[in-house]
Amino acid sequence: MNLLIHPPVDERRLQLVREAAGSSATIVNAESAEAALAAIPEADAFFGKMTPELLARADRLRWVQSPTASLEHYIFPALADHPCELTNMRGLYSDVIADHVMAYVLCFARNLHLYIRRQSEHRWEPEGGAPASFLTGPATVTALDRAHLHVADQTMGIVGLGAIGSEIRRRAEAFGMRVAAVDPMNPDAWPMERLPELLAHSTFVVVAAPHTPRTERMFRTPLFAKMQPSSYLINIGRGAIVVLDDLVEALREKTIAGAALDVFEAEPLPEAHPLWDMPNVILTPHIAGYSPRIPERHLAVLLENIRRFAAGDPLKNVVNKHEWF
């Protein structure tokens with residue numbers, strides 16, 4: 001095996017790569033673009049950022065390992081058409097991102113997004129008004145009760161039931177929620193034709209789909225109109241899936257109750273964007289997948305695929321290059 005790495009990895013990881021590849025392998029840890037261009041004609045495997053210039057000189061290339069899970073900024077037409085296998089880093093983030101989604105759900109259900117703002121203003125103000133008098137009796141449902149959601153009474157709709165969507169479903173079900181999902185590839189999910197039905201019945205709609213030619217700008221005004229006025233949109237998939245101008249309009253018109261976003265069409269989100277100041281919106285800066293566990297998982301996938309390639313075994317995480325996942 002002749003493996004080219006560019007950009008280069010540190011010495012510790014390089015030593016682990018050498019051990020995984022075996023003593024007969026040639027490993028080039030290219031420090032510069034020029035060094036990578038010089039080495040690519042002999043490479044049959046590549047890890048790093050593939051470019052059109054590199055691919056044009058790749059005479060023996062059979063495998064490319066992307067360092068990312070998302071591929072919308074990685075794949076280009078020549079790579080999609082090339083006979084090499086492409087693998088990515090999917091499966092590293094499922095539990096971490098699922099935790100983030102449930103944090104959003106609990107924030108909206110318990111109005112924490114409002115109380116945190118009021119804390120900074122030193123305001124003691126229960127959402128829904130003052131607590132009920134004891135004289136009303138325990139069976140009386142007050143405005144204060146109605147202002148807080150009982151999580152186990154809610155339905156979550158998941159758009160995209162891959163590894164991340166499946167982990168989100170598992171956590172939501174552990175909270176007692178009803179869960180429905182649509183996915184064109186997963187037989188355990190509804191077909192995409194039932195998306196309007198999912199939107200109509202879900203309190204929380206979670207976008208967990210990858211950015212592909214089919215999902216780009218999927219969530220626009222017509223889909224928001226199919227959601228409940230009491231529902232919340234959560235996007236931890238890709239920013240290009242949700243059109244922010246249409247989302248802002250849906251929030252202003254009270255077509256939906258709120259939104260939580262970790263990914264955006266433009267990142268960073270512009271300072272003057274109206275989403276910043278909406279009290280029914282939670283924004284996090286594309287950090288849903290961050291955890292101390294991710295680097296070790298990332299390295300483990302790379303080393304496992306190097307071992308498999310060296311042994312002639314099937315690779316993990318092979319993607320459909322034309323579908324971007």
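In this report, the structure presented in the accompanying data block is examined. Because the structure is predicted, anything quoted here is derived from the model rather than measured.

So, the sheet that holds strand S2 (residues 26–29)
- One open sheet accounts for 5 strands, arranged S2-S1-S3-S4-S5; its pairing is parallel. Of all the strands in the sheet, the pair left with one neighbour each is S2 and strand S5 (85–87). When the angles between neighbouring strand axes are averaged without regard to direction, this sheet yields 15°.
- Along the sheet, helix H12 (residues 294–311) contacts strand S1 (2–6), strand S3 (45–48), strand S4 (63–65) and S5; its crossing angle with S4, the most-contacted strand, is approximately 170°.

Things to note about the sheet that holds strand S11 (residues 281–283)
- Strand order in this open sheet of 6 strands is S7-S6-S8-S9-S10-S11, and the pairing throughout is parallel. A single partner strand is all that each edge strand has here, and the edge strands are strand S7 (178–182) and S11. Going from strand to strand, the sheet's axes swing by 15° on average, the running direction of each strand aside.
- Examined bridge by bridge, strand S6 (residues 155–159) and S7 share 5 bridges and lie parallel to one another. Looking at the pairing, Thr-155 lines up with Arg-178 of S7.
- Sitting on the sheet, helix H11 (residues 244–252) touches strand S9 (232–235), strand S10 (258–261) and S11, and the angle it makes with S10 is about 145°.

Regarding the layout of surface pockets
- The calculated volume of the second largest pocket comes to roughly 170 Å³.
- Tallied by class, residues from the lining of the second largest pocket come to 7 nonpolar, 3 polar and 2 charged.

Regarding the packing of helix H5 (residues 94–110) against helix H6 (residues 112–120)
- Two numbers describe how H5 lies on H6: the axes approach to 6 Å, and their chain directions differ by 70°. When the axes of H5 and H6 are compared, the pair comes out roughly perpendicular. Across the interface between the two elements, Leu-106, Cys-107, Phe-108 and Arg-110 from H5 touch Leu-112, His-113 and Tyr-115 from H6.
- Taken together, the residues that form the contact of H5 with H6 break down as 5 nonpolar, 1 polar and 1 charged.

Digging into helix H8 (residues 163–174)
- Spanning 12 residues, H8 covers 17 Å between terminal C-alpha atoms, matching the ideal 16 Å at 1.5 Å per step.
- Residues of H8 that are buried in the fold lie against H5, S6, S7 and strand S8 (204–207).
- Just beyond H8, the residue with positive phi is Gly-176, at close to 90°.

Criteria and cut-off values
Residues numbered from 1 in each chain as written. Predicted model: local features only at pLDDT ≥ 70, side-chain atom pairs only at ≥ 80, totals over all residues. Heavy atoms only, no water. Pairing = 2+ DSSP bridges. Helix = DSSP H or I, 4+ residues; strand = E, 2+ residues; numbered from the N terminus. Axes fitted to C-alpha atoms, helices over the stretch in contact; angles between N-to-C directions. Contact = heavy atoms within 4.5 Å. 1 Å grid on protein atoms, 1.4 Å probe; cavity = no way out; pocket = protein on both sides within 12 Å on 5 of 7 lines; lining within 4 Å. Points joined across faces, edges and corners; volume = space filled by probe spheres on them. Nonpolar A, V, L, I, M, F, W, Y, C, P; charged D, E, K, R; others polar. Parallel < 35°, antiparallel > 145°, perpendicular 65-115°, else oblique. Expected span 1.5 Å × (residues − 1).

In short, the description is geometric, and any link to function would need to be established separately.
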